[in-house]
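Coordinates in review
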Amino acid sequence: MVLSISGIKKSYKKVKNEAVKAVNDVSLEIGKGELVAVNGPSGCGKTTLLLIAGGLLYPDEGEIILGDTNLYDISANQRDKKRAENIGFVFQQFYLVPYINILENVLIPSIGSNSYSSSLEKRARELIDQFNLSHRIHHKPGELSTGERQRVALARALINEPSILFADEPTGNLDDDNAEVVLNYISGFAKEGGAVLLVTHDGRIGKQAQRTYKMKDGRFINQ
Amino acid sequence: MALQNDQSQKINIWLIIKRELKHKKYGFITGVLSLVIATAGFVGSIVLLKGDELATEQLFIEKERELREEMMQLEDDYRVIMRNMGYNVLILNKEQSLSELERNGYASTYLDYEDVWKIAESDMKTLNHLMPVLQEKIYWEEMNTEIFLSGIRGQVPVYSKPQHLTDDDEYRSPIMERVPEGKADLGEEVAVLLNLRPGDIIIVKGEKFEVNRVYARRGTRDDLSVWVPLDKAQSILGRPGLINGILALECVCATEMLGQVKEDVAAILPHTQVFEFSSLIAARADVRQRASKLHEEIIFAERLHQMELRGEKERLASLLVLVLVFGASVWIFVLILNNIRERKHEIGILRAIGFRRHQVLQIFLGKSALMGIVAGIIGSVSGAWLGILWSGIDPAYTGFENLISLQVIFLGLLLAPVLALTAGFLPSVMAANQDPANILSEQ
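Residues numbered from 1 in each chain as written. Chains lettered and ligands numbered in written order. Predicted model: local features only at pLDDT ≥ 70, side-chain atom pairs only at ≥ 80, totals over all residues. Heavy atoms only, no water.

1. Some details on the overall build of chain B
Helix and strand content of chain B: 14 helices and eleven strands. Sorting the 443 residues of chain B into buried and exposed places 47% on the buried side. The long-range share in chain B, meaning contacts at least 24 apart out of those at least 6 apart in sequence, stands at 79%. Of the roughly 22400 Å² of accessible surface on chain B, a fraction of 59% belongs to carbon and sulfur atoms. (Helix = DSSP H or I, 4+ residues; strand = E, 2+ residues; numbered from the N terminus. Buried < 20%, exposed > 50% of the residue type's maximum accessible area, 1.4 Å probe, protein only. Contact = heavy atoms within 4.5 Å. Areas by Shrake-Rupley, 256 points an atom, 1.4 Å probe, with all protein chains shown as cover.)

Laid out in structure tokens, this is it:
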């Protein structure tokens, strides 16, 4: 098992101290080679679940086991390290660093994990080549199309060879063709033994997933 | 990472800082500029104040030199006056009747010429400016008139006062000059009566002299005097090796020391008596004291005035530096804060992909430090240069090290980075503490 989520609850306090249950008692497990999709409308708690699963947001209850580590039983620094070494993130907005080129963007996680090496740079070049971005290697993100940017973001997520990839609406800003390309890469990662947790409101994406959970009001409704 | 030409460079925090600075040149330049102004203001004002201090000191040296010259002139004037009034101490043979001296105008008893050297070579410090004199009233057959013939040799060097002497044992500022060999000085009455001018030849009892100079009227018996070299007078008067008085000037402010003078002279020349003119001594001491006091008062008042001016300038400079430092700090704070706001999502994703808090802190503090280092160098150099330029002081003349110390340069180099890091610290901590979950959930 790569990731085990059990009994996760998370509430936000909104106006007049009224709590909003963003995630309400959610559990799931993802193994090697699995692509699991969580599908649901905006505001149903998908992103909150993904941030909690990725070690970025403390849950009110429940636990996240990544490999053999409970993510919220370790220190913040250890969690940062774990995230740098084992988790890849892809977001709808790409969040590329605008003032460095594509190769540097792909390599940037190596600063957090302190893992830069010439072999890592070689891997970065291979990923860039694999994602058909070789001709863009010295370009800045602003010079790329949206599809290309998302592929760069995907290459960045994969540079440290994570055991699991978290993707939050990865095709939300892409046209159908580019969306298909990106989804193919993501499912390719799963086929090669990686685990993927993909959250989206786009029902079409679930076709490539081994399992799809529908989420509403912080709960899986088809579990 | 200079990846052009496919050359790789290790990606690290400094590369991120460098790339971001290149990307946002305007913010970096304005940040550096504000720190340069603060640093240059700090270094420049210190250099300016130092320059001002040097200029003031130079002014004082000049003023003191002028006053010293005025004082020396006053001393010379005083000596001339004293000379015109006569010496204030006259050493006579003990047997000399003072009433006869008053009546005749010269002493009729004699001392050995060697007596004056006994005083001069002693360690007696109460007398100055010794002058042996042989003076008698004679009938000048060649001119058919009576004159006072005075034989003088100028001042005998007092060896216990070497500061007044040249290497040749001559007085630096003699109060009465020698009569050159073969020459004679005349009192005005003699010159007018006999229609004599400098350059004329006169014969005194068979001795030939050229008139050296004619003294202006003094209203004393000096007007009826002829001064010739002592040895010539001794020869003319038939008194070889003899003198009939030693004129002496007392030491500074010696009015209360007259008794001591008499004792000192008696110890060396027991066969003599000291005849003194106390009112002249008092006048002399008073003049000197007044002049000295006036000199001190002028210098003191000027120093006080300059100290007040300097205090005002220092206060103004401190205020200016304070304003500049405060302004630069606020500007850096705003710049970094704005930078953080613009880079919020970047910080979020960096944290999500594993950047630690201290690494985010390094990115922002590193930028501040770099800004400070660049500004420190530019600000220190430009501040020193402007300070020197505006002070109007030529460092080639005063020496750079007197105008600007290494400590000031060091402080200038330190000020900008410290300022940048201090002002940038709080916003940098805010950046490092941003919750990536909050940022990333905004999408």
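2. Here we look at the interface of chain A and chain B
Across the boundary between the two partners, chain A contributes 34 residues, which contact 35 residues of chain B. For the pair chain A and chain B, the two sides together bury roughly 3100 Å², of which 64% comes from carbon and sulfur. Of all residues in chain A, Tyr95, Tyr99 and Ile111 of chain A give up the largest surface area on contact with chain B, accounting jointly for 25% of the area buried on that side. There are two salt bridges connecting chain A and chain B. (Buried area = accessible area lost by both parts, 1.4 Å probe. Salt bridge = Lys/Arg side-chain N within 4 Å of Asp/Glu carboxyl O.)

3. Topic: the pairing of strand β8 (residues 225-229) of chain B
All names here are of chain B. Of all the five residues making up β8, five are buried; the element is thus mostly covered by neighbouring parts of the structure. In this structure, strand β4 (residues 145-152) lies alongside β8, joined through five bridges in parallel fashion. Among the inter-strand pairings, leucine 149 is bridged to a residue of β8, identified as valine 226. Relative to β8, strand β5 (residues 183-186) runs antiparallel, the two sharing two bridges. (Pairing = 2+ DSSP bridges.)

4. A look at the sheet that holds strand β2 (residues 19-30) of chain A
All names here are of chain A. Strands sit in the order β2-β1-β4-β5 across an open sheet of four strands; the sheet is antiparallel. This sheet does not close on itself; its edge strands, each paired only once, are β2 and β5 (69-70). Bridge count between strand β1 (residues 3-13) and β2: nine bridges; the pairing is antiparallel. Bridge pairing in β2 links isoleucine 5 to leucine 28. With respect to the sheet, helix α1 (residues 46-53) is in contact with β1, β2 and β4 (61-66), its orientation differing from that of β1 by roughly 125°. (Axes fitted to C-alpha atoms, helices over the stretch in contact; angles between N-to-C directions.)

5. So, the sheet that holds strand β6 (residues 87-91) of chain A
Residues and elements named next belong to chain A. Taken in spatial order, the six strands line up as β6-β7-β8-β3-β9-β10 in an open sheet, and their pairing is mixed. Every other strand in the sheet has two partners, leaving β6 and β10 (219-220) as the edge strands with one partner each. Sheet topology places β6 next to strand β7 (residues 164-168); five bridges connect them, and they run parallel. Bridging across to β7, phenylalanine 91 finds its partner in aspartate 168. Lying over the sheet, helix α7 (residues 176-191) contacts β3 (35-39), β7 and β8 (195-200), oriented at roughly 145° with respect to β8.

6. Here's the deal with helix α6 (residues 230-237) of chain B
Residues and elements named next belong to chain B. Within the sequence span of α6, burial applies to Leu230, Ala233, Gln234, Ile236 and Leu237. Down the axis of α6, the buried set is contained in an arc of 165°. They therefore lie on one face. Just past α6, the residue glycine 238 takes up positive phi, approximately 70°. (Arc of directions from axis to C-beta.)

7. With respect to the confidence of the model for chain B
All names here are of chain B. With 88% of its residues at a pLDDT of 70 or more, chain B shows a mean pLDDT of 83. Mean pLDDT across the secondary structure elements of chain B bottoms out at helix α11 (residues 395-398), with 74, and peaks at strand β9 (residues 242-243), with 95. Throughout residues 1-5 the model reports pLDDT below 50, and contacts reaching past four residues in sequence, or to other chains, amount to 19 contacts. (pLDDT = per-residue confidence, 0-100.)

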